[in-house]
Amino acid sequence: MNTDLATLVRAVDFAATKHTDQRRRNASATPYVNHVIGVTRILVEAGVGDVSVLAAALLHDTIEDTDTTSSEIEHEFGVAIRTIVDEVTDDKSLEKHVRKQAQIDKAPASSTNAKLVKLADKIHNLRSIEGDPPVGWDEKRISDYFDWAEKVTNGCRGVNAHMEAILDDLYSAHRTKRQQ
């Protein structure tokens, strides 16, 4: 049995189960699990093959957005995957503006694996916001998100040129659109 494949399938199943009733806030109300699968796909397309990183991408929002605990992730998937998930998990007990600043502050000191997940997460979020923004988001809120995401991802640079080029293109296209 291929243990890497088994780990990834278990992570997909775990994420799908944990996010079953969750939807993105866009007009389409996209199933939330599509986001974590999309983040994982971005990593694979960027040449990331480390099963710990890919599994962590599938699980990256479970602690933050479900009843999942860090110890549950460790029990199911081991210390390496739990460590990455913990690194990219926001502390929801903090006010939103404090959490957002913490992402900017933590990014440069994060592990390479956490930076990879963070870059892919932001790529997926930015593409989603451009294509099907959350209900009620006006151009200013979208621009504010792009500006904040750029600050976060600037702290993650140096780990994957492919994803960094995608982000550069997304930021550039958004700036051009804003100026029109």
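In case you missed it, the structure is sitting above this.
These figures come from a predicted structure and were not determined experimentally. (Residues numbered from 1 in each chain as written. Predicted model: local features only at pLDDT ≥ 70, side-chain atom pairs only at ≥ 80, totals over all residues. Heavy atoms only, no water.)

Q: Can you tell me about the packing of aromatic side chains, naming the residues and giving the values?
A: Evaluated as defined, the whole model comprises four aromatic pairs. Between the aromatic rings of Trp137 and Tyr145, the centroid separation amounts to 6.0 Å while the plane-to-plane angle is 50°, which identifies the pairing as tilted. Comparing Trp137 with Tyr145, the two get one shared label, buried. Between Phe146 and Tyr171 the ring centres are 6.4 Å apart and the planes differ by 85°, which places this aromatic pair in the edge-to-face class. Of the two residues, Phe146 is situated in helix H9 (residues 139-154) and Tyr171 in helix H10 (residues 161-179); the sequence distance between them amounts to 25 residues. For the pair Phe146 and Tyr171, one class covers both residues: buried. (Phe/Tyr/Trp six-rings, centres within 6.5 Å; stacked < 30°, edge-to-face > 60°. Buried < 20%, exposed > 50% of the residue type's maximum accessible area, 1.4 Å probe, protein only. Helix = DSSP H or I, 4+ residues; strand = E, 2+ residues; numbered from the N terminus.)

Q: Please provide a residue-by-residue account of the layout of surface pockets, values included.
A: Empty space within the largest pocket amounts to approximately 910 Å³. Lining the largest pocket are 33 residues, with Arg25, Lys100, Asn125, Trp137 and Tyr145 sitting closest to its centre. Elements with a contribution of two residues or more to the lining of the largest pocket: helix H4 (62-65), helix H7 (96-106), helix H8 (112-131) and H9. Among the elements that take part in the lining of the largest pocket, H8 stands out by supplying seven residues, more than any other. Along the lines of polarity and charge, the residues of the lining of the largest pocket split into nine nonpolar, seven polar and 17 charged. (1 Å grid on protein atoms, 1.4 Å probe; cavity = no way out; pocket = protein on both sides within 12 Å on 5 of 7 lines; lining within 4 Å. Points joined across faces, edges and corners; volume = space filled by probe spheres on them. Nonpolar A, V, L, I, M, F, W, Y, C, P; charged D, E, K, R; others polar.)

Q: How would you explain helix H2 (residues 33-45) if you had to name every residue and give the values?
A: Taking 1.5 Å of rise per residue, the 13 residues of H2 would be expected to cover 18 Å, and the 18 Å separating its terminal C-alpha atoms lies within 8% of that figure. Buried within H2 we find Val33, His35, Val36, Gly38, Val39, Thr40, Ile42 and Leu43. As for H2, its buried residues are in contact with helix H1 (3-18), helix H3 (51-59), H8 and H10. Once H2 ends, the next one or two residues include Gly47, with phi positive near 90°. (Expected span 1.5 Å × (residues − 1). Contact = heavy atoms within 4.5 Å.)

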